[in-house]
Every structure is written in C-alpha cells, then in structure tokens.
Amino acid sequence: MIAFVLATALGLPATAEMLCTAQTQCRGDAKEMCAPSTLAVKVVRDGAYWRLWIDWQGPYSARFSAGNDARVWAVKGFGNGYGIQVFEDGSFLYTGNRGKRFRGTCTGEV
C-alpha cells in the first residue's frame, strides 16, 4: 500500500509493463557461439516495485538503476550477474544462467 501511495504521489502510473523478446542467444563460455532465440522478458512496474517475468516464469523481484546509456533491472535473489539492460534505441541485453547473453528488442514502456 505504501508503494502505491508513493508511486501515485510521484505521478507514476500504478502499473506499467514492457516486453522484451530476444532474437539471439550466445553462450557464456564461448562468446562467439550464438543461435536464434525467442526468450521473453517482461518488465513490470507495480507501484514502486519492479518484477521480471523470464520466459513466462516468475515474478522475480528486481532492483532498478539508470545509467548514462541504459536502464538496468538486476534480479534479486539470484546473486550478481542476472538481469536486463535496456538501451535508448529499444534494444536489450539479458544476462542469465551460466552467463548466457540474449539480445533483442523491447516494446512498451515502464
């Protein structure tokens, strides 16, 4: 409830979502070994909280930060290294299990 009140006071919509769909997946241990992918990551803002749905599994709590060239959501509870970076042009990089890297594009806005 406090998150909802805070988000409303800041002028944020109660909920918003963005869907990111990968086109490629590259192995973590062999950076040049890539293949087509359809991995989907849904980023959901629910008041002041962030949730990720990774290939329709979740939700996973996430920490948000904004850098100079990307917005970043790091998955809580998985240790460092899991998360999604979304760039200004709508492209993204998701780093997952065993350092796998997924690249694609996002639609929607959070």
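The shown structure was predicted, so the numbers you read here are calculated from the model rather than taken from an experiment.

**Student:** Looking at this model, I keep getting lost on the state of the cysteines. Mind explaining?
**Tutor:** Simply put, the disulfide is a covalent bond whose two ends are the sulfur atoms of two cysteines. On inspection of all chains with the given rule, the structure shows two disulfides. A disulfide bridge connects Cys-20 with Cys-106, and the sulfur atoms are separated by 2.1 Å. Looking along the S-S bond of the Cys-20-Cys-106 disulfide, the torsion reads about 105°, which is the right-handed sense. Of the two residues, Cys-20 sits in strand S1 (residues 15-26) while Cys-106 sits in strand S9 (residues 101-108), which places them 86 residues apart along the sequence. Pair check on accessibility: Cys-20 and Cys-106 agree, each one buried.

**Student:** Looking at this model, I keep getting lost on the environment of Ser-91. Mind explaining?
**Tutor:** Mapped onto the elements, Ser-91 comes out in strand S8 (residues 91-95). Among the residues examined, Ser-91 registers a relative accessible area of 21% and is labelled partly exposed. Taking the C-alpha atoms as reference, Ser-91 lies 9.5 Å from Thr-21; in sequence the two are 70 residues apart. Discounting chain neighbours no more than four positions away, the residues touching Ser-91 are Gln-85, Val-86, Gly-104 and Thr-105. Here the side chain of Ser-91 touches Asp-89 through a polar contact of 2.7 Å, side chain to side chain.

**Student:** Mind showing me how you'd approach the pairing of S9 here?
**Tutor:** Each regular strand displays side chains that alternate between the two surfaces of the sheet. Of the strand pairs in this sheet, S1 and S9 are connected by eight bridges, and their pairing is antiparallel. Bridge assignment links Thr-21 to a residue of S9, and that residue is Thr-105. Pairing geometry for S8 and S9, over five bridges, is antiparallel. Along S9, the bridge assignment pairs Leu-93 with Arg-103. As consecutive antiparallel partners, S8 and S9 are separated by five residues, and within that stretch Arg-98 has a phi angle of approximately 55°, a positive value.

**Student:** How should I be thinking about the pattern of salt bridges in this particular structure?
**Tutor:** Should the charged atoms of two oppositely charged side chains come close, the side chains can pair. Considering all chains together, one arrives at two salt bridges under this definition. As a salt-bridge pair, Arg-71 and Glu-109 come within 2.9 Å of each other at their nearest N and O atoms. A residue pair is termed long-range when its members are at least 10 positions apart, and Arg-71 in strand S6 (residues 70-75) and Glu-109 in the segment after S9 qualify at 38 residues.

**Student:** Explanation requested: the confidence of the model for the protein in the structure shown.
**Tutor:** Close inspection of predicted coordinates is inappropriate for parts of the model with low pLDDT. In the predicted model, the protein carries a mean pLDDT of 87, and the fraction of residues at 70 or more is 87%. Across residues 1-8, where pLDDT falls below 50, the model places seven contacts with residues more than four positions away in sequence or in other chains.

The rules behind the values
- Residues numbered from 1 in each chain as written.
- Predicted model: local features only at pLDDT ≥ 70, side-chain atom pairs only at ≥ 80, totals over all residues.
- Heavy atoms only, no water.
- Disulfide = S-S within 2.5 Å.
- Helix = DSSP H or I, 4+ residues; strand = E, 2+ residues; numbered from the N terminus.
- Buried < 20%, exposed > 50% of the residue type's maximum accessible area, 1.4 Å probe, protein only.
- Contact = heavy atoms within 4.5 Å.
- Polar contact = N/O pair within 3.5 Å; in protein donor to acceptor, adjacent residues only side chain to side chain.
- Pairing = 2+ DSSP bridges.
- Salt bridge = Lys/Arg side-chain N within 4 Å of Asp/Glu carboxyl O.
- pLDDT = per-residue confidence, 0-100.

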